[in-house]
Every structure is written in C-alpha cells, then in structure tokens.
Amino acid sequence: MAGIEAQAGANRFGPRIMSLAEHLAQWSEQPDALTVTYFSEAHRKVAAELDVLLRAAGMEVRTDPIGNVVGRYKAAQPNAKTLLLGSHYDTVRNGGKYDGRLGILVPLVLIEHLNRTRQRLPFNIELLCFSEEEGVRFPIGYLGSQAIAGKFDRKNLDATDDDGIPLRKALEEAGVDVGSLASLARKQDDLLGYVELHIEQGPSLLNADVPVAIVTGIAGAVRHRVTVEGEAGHAGTVAMQFRRDAGAAAAEMILALEKRCQEIPSLVGTVGQLLVPNGAMNVIPGRCEFSSDIRASTNGVRDAAMMDVLSSFNQIARHRGVKVSAEEVLRMSAIPLSPYFQERLKAAAERLGVSPLLLPSGAGHDAAMMSSLTPSAMMFVRCGNGGVSHSPLEIVAEEDADFAARVLLDFLLNLAEEHNA
Ligand SMILES: [Zn+2]
C-alpha cells in the first residue's frame, strides 16, 4: 500500500526540495560563493531559518548549545521510540547547495507532507540539522554529531581557527556553557536508529544511470603528515649526483603511494598538500612536507596499504640520502552500517521500480559518528555534473531529489507498518 501511495505523486516533492535548497543558499559569508562555517553570521541565519521551517512543518524545535537544530515530529502515541533523520547544514568554502542540506530538506518535506495529511507514525521522527560536519573553521569536523553521539572530546575545545580563536572561546562568546555539552549525548534505549541521505559526491550513480545507492559502510581512513629532510643548495652549482633533493624524493614517494593504492578498487590514497617551505626557484629543496590520506572499506586493507606505503617512503629516503618522518594525525575505523535499514531502504527503492546501487562511502559523514550511538544507514543520491561536489558546480536533478524523497517516505511508511503489526 505504502509503495503505491508514494508512487502516485511522482515529482510531488522535487520542486519544494529544490526551492528550499536555493532559499537556504542565500546566506553566505562570501558574496559570490556559498560559504557557511561554524558559528558565522550566515551560519546563525541558516539555523534560525531552519527553526522557522521545522516549526511550520509541525515539529517541536530547539537549537542545542553546539548549534544543532533539532525538530521532533511526535509519534501517534506517547512513550514511542524515536527514529533520527538528518545531515549537516554547514558548508565548505565555496561549496554546493546540496552537500549535507539535501539530507535535511528531504526529510523536512516529508514531515511537511505527513503533517499536512495528518499522519502520525508509531515512532517519533527527529530531524537533526547538524551544525558542523566539514571541519572548515576548526580542524575537527563532526562537532554536531559528535555531541549527540556522546563522542565529544574535551580536547576539541583547545582547537583554534585561523584567527587563533579557540573553540572554547567561540562557544563561550555564543553564550554556551561548555560544561553542558556532555549532556547532549542521547540515550541509546530511546532510539530506533539514524538514517542519512547525502549526495554521492562522486560519479558512480551518474555512470550507472541510477538515481540512488544504499551505502554498505563508511571507509576507514588514516592520515599522516610526512616530512622529508634533504639538503638545500644552489640550483646552478651543485651537480646532480651530489644532491639530496627533498622535493624530488617527495615526488617519488607520492608516486609510490599512488601505485600501491591503485592495486585494489576499494582502496584510495591522496596527497592533497605538498609544500616546499621557504622554497625558491633557484634553490634545491632542503625540506618538503606533504600529507597522506589512505582510505579503504576495511581497516585491514587500509592498514596493509599504509604499512607498505610507509616502508616504501623509508626505502626511497635511504636510496636518496634524505630523512623521512611520518606523523599519524588521524585514524578512523571503517564503519559497517545497519543491515536491517540497508535491506529496508533497498526494498523501498525496488518497490518504486529502481534497483539501487550498493556502494561503500569513501567520505566520512555524520552517520560515522551516529553509528556508535544507534544502528545507522545512508542513502546516496545521484550527483550531476560529472559527480563534482565541494564546489559551486555541485548539482542534483529535481527528479532525483523527488525520487529520493519517495523512497524515504516509502521506507518510513513500511517501517511504521512493521511497528504497528
Ligand atoms: Zn556532507
């Protein structure tokens, strides 16, 4: 029944989702780009607008001290459990309108629909609009979902932004009692789970011509800051055989990392930062620093690659007479997602005539934090324009947004039937 009901109104939700995405994109820190970082003026304006929208959709709304806007659409009966839906409303610098926000707006229009048609489900729905996921202003990330998952680390409070302002001070200036953050952790027993919709941020769905994917797990990552020390010298007077060129050594290391990470499809490795401190065109690099980011769908695959890569760095350094050191700066475990929710999301898409792809997520998401609290799942929505995200070129087709909404509605109504049975 639910499937038929959802199918009947094809593209009922698409236009509303698209216009809300445009609406929220009017607030930015930059006039010609979409930038909404933690606790900026634009960030507060978006939060205030979400409060208005969620209230109008029939939810009880509060903004918690870390900046999450939380809307609650009550169950048909008291003492019911709660299903969490949501994603983040902050953006990267010069970002897109759908990263994070699609996962807020799709559930929002569905709750508007349930409210309009006077439907209450046998569980509460809470829409979590997470305040911070991207780690742009403070180099942390997941601030909103960390707090709710009970994973907020007090060490975060000492992290500083580019102006040297510690997170602690930014929070205190916003009137937040930092001692209260621990109390944001939710109780497991009250929850059914967490489901997050997100744009894919890659081209797999586009290439397969499928609108949605069910995410099978979130990749584990390990990051290093690598320093190569050689010897600076005159670019004109030191013969090639006498050089200990830190830049050339780093180049060889980067290629070794790339080669190793090409061996397995679910393994990826990236050097996103590469620096020659005090470098000049006429100086042999005496020092070179670069970042290494290795991810895989299992911790084992990730760690095997990391060990091989670090050992090849050492070999290259020995061979070239330079020193290399690698400091681990981040390690995130691969995260399996709830098979129970994966099955039901897949069945919902199939009832609407689509066989969804099954994809691992190479990026971390709020679901990575939430999965430590409650069974969690994710659905990816096709990203247009070659799959580009974290860019103003990021697009989602209206029909795909609509389809994702109908899948989520079908999923919710079927879950409701299961709970009523
Ligand atoms: Zn995101």
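Given the structure is predicted, the values throughout are model-derived calculations rather than measurements.

Caption draft 1: Spatial organisation of the overall build of the protein. Helix and strand counts for the protein stand at twelve helices and 16 strands. Relative to the 2.2 N^0.38 estimate, which gives 22 Å for 421 residues, the radius of gyration of the protein is 24 Å and therefore close to what a compact globule would have. Residues counted as buried form 54% of the 421 residues belonging to the protein. Taking the contacts inside the protein whose residues are at least 6 apart along the sequence as the reference set, 78% of them involve residues at least 24 apart. When the accessible surface of the protein is summed, it comes to about 18,400 Å², and 51% of that surface belongs to carbon and sulfur atoms. Here the protein carries 41 positive and 52 negative side-chain charges, and the mean point of each set is 3 Å from the other.

Caption draft 2: Focus on the pattern of salt bridges. Inspection of every chain in the model, using the stated rule, returns 28 salt bridges. Glu 418 serves as the salt-bridge partner of Arg 344, at 2.8 Å between the closest nitrogen and oxygen. Taken together, the positions of Arg 344 in helix H10 (residues 339–351) and Glu 418 in helix H12 (residues 398–420) put the pair 74 residues apart, joining distant regions of the chain. In this structure Glu 418 comes out as partly exposed when scored by relative accessible area, which is 39%. Salt bridges linked by common partners bring Arg 302, Asp 303, Glu 328 and Arg 331 together as one network.

Caption draft 3: Spotlight on the pairing of strand E16 (residues 376–381). Counting buried residues in E16 gives six out of six residues, a clear majority hidden from the surface. In E16, alternate side chains face the same way, and those of Ser 376, Met 378 and Phe 380 on one face and Ala 377, Met 379 and Val 381 on the other are all buried. Bridge analysis of strand E5 (residues 191–199) against E16 gives six bridges, and the strand direction is parallel. Each residue of the ladder has a partner; that of Ile 199, found in E16, is Val 381. Of the strand pairs in this sheet, strand E6 (residues 212–218) and E16 are connected by three bridges, and their pairing is antiparallel. Bridge pairing links Ala 213 to Phe 380 in E16.

Caption draft 4: Representation of the pairing of strand E1 (residues 60–63) within the structure. Of the pairings in the sheet, the one linking E1 to strand E2 (residues 69–73) comprises four bridges and is antiparallel in character. Within the sheet, the bridge partner assigned to Arg 62 lies in E2 and is Val 70. Counting the residues that bridge the hairpin from E1 to E2 gives five residues, and of these Gly 67 lies at a positive phi of roughly 105°.

Caption draft 5: Quick look at the confidence of the model for the protein. When pLDDT is averaged along the protein, the result is 95, and 98% of the positions lie at 70 or above. Predicted confidence for residues 1–6 stays below pLDDT 50, and this span has 16 contacts to residues more than four positions away or in other chains.

Caption draft 6: The arrangement of the coordination of the zinc ion in detail. Surrounding the zinc ion are the protein donor atoms His 88 (NE2), Asp 99 (OD) and His 198 (NE2), at 2.0 to 2.2 Å. Positions of the donor residues of the zinc ion, expressed as sequence spacing, correspond to H-x10-D-x98-H. Pair noted here: His 88 is in strand E3 (residues 82–88) and Asp 99 is in the loop between E3 and helix H4 (102–116), with a separation of eleven residues, a long-range link. Residues His 88 and Asp 99 agree in their burial class; the two are buried.

Rules and cut-offs
Residues numbered from 1 in each chain as written. Predicted model: local features only at pLDDT ≥ 70, side-chain atom pairs only at ≥ 80, totals over all residues. Heavy atoms only, no water. Helix = DSSP H or I, 4+ residues; strand = E, 2+ residues; numbered from the N terminus. Rg over C-alpha atoms; globule rule 2.2 N^0.38 Å. Buried < 20%, exposed > 50% of the residue type's maximum accessible area, 1.4 Å probe, protein only. Contact = heavy atoms within 4.5 Å. Areas by Shrake-Rupley, 256 points an atom, 1.4 Å probe, with all protein chains shown as cover. Lys, Arg positive; Asp, Glu negative; His and termini not counted. Charge placed at Lys NZ, Arg CZ, Asp CG, Glu CD. Salt bridge = Lys/Arg side-chain N within 4 Å of Asp/Glu carboxyl O. Pairing = 2+ DSSP bridges. pLDDT = per-residue confidence, 0-100. Donors = N, O, S within 2.8 Å, 3.2 Å for Na, K, Ca; no water.

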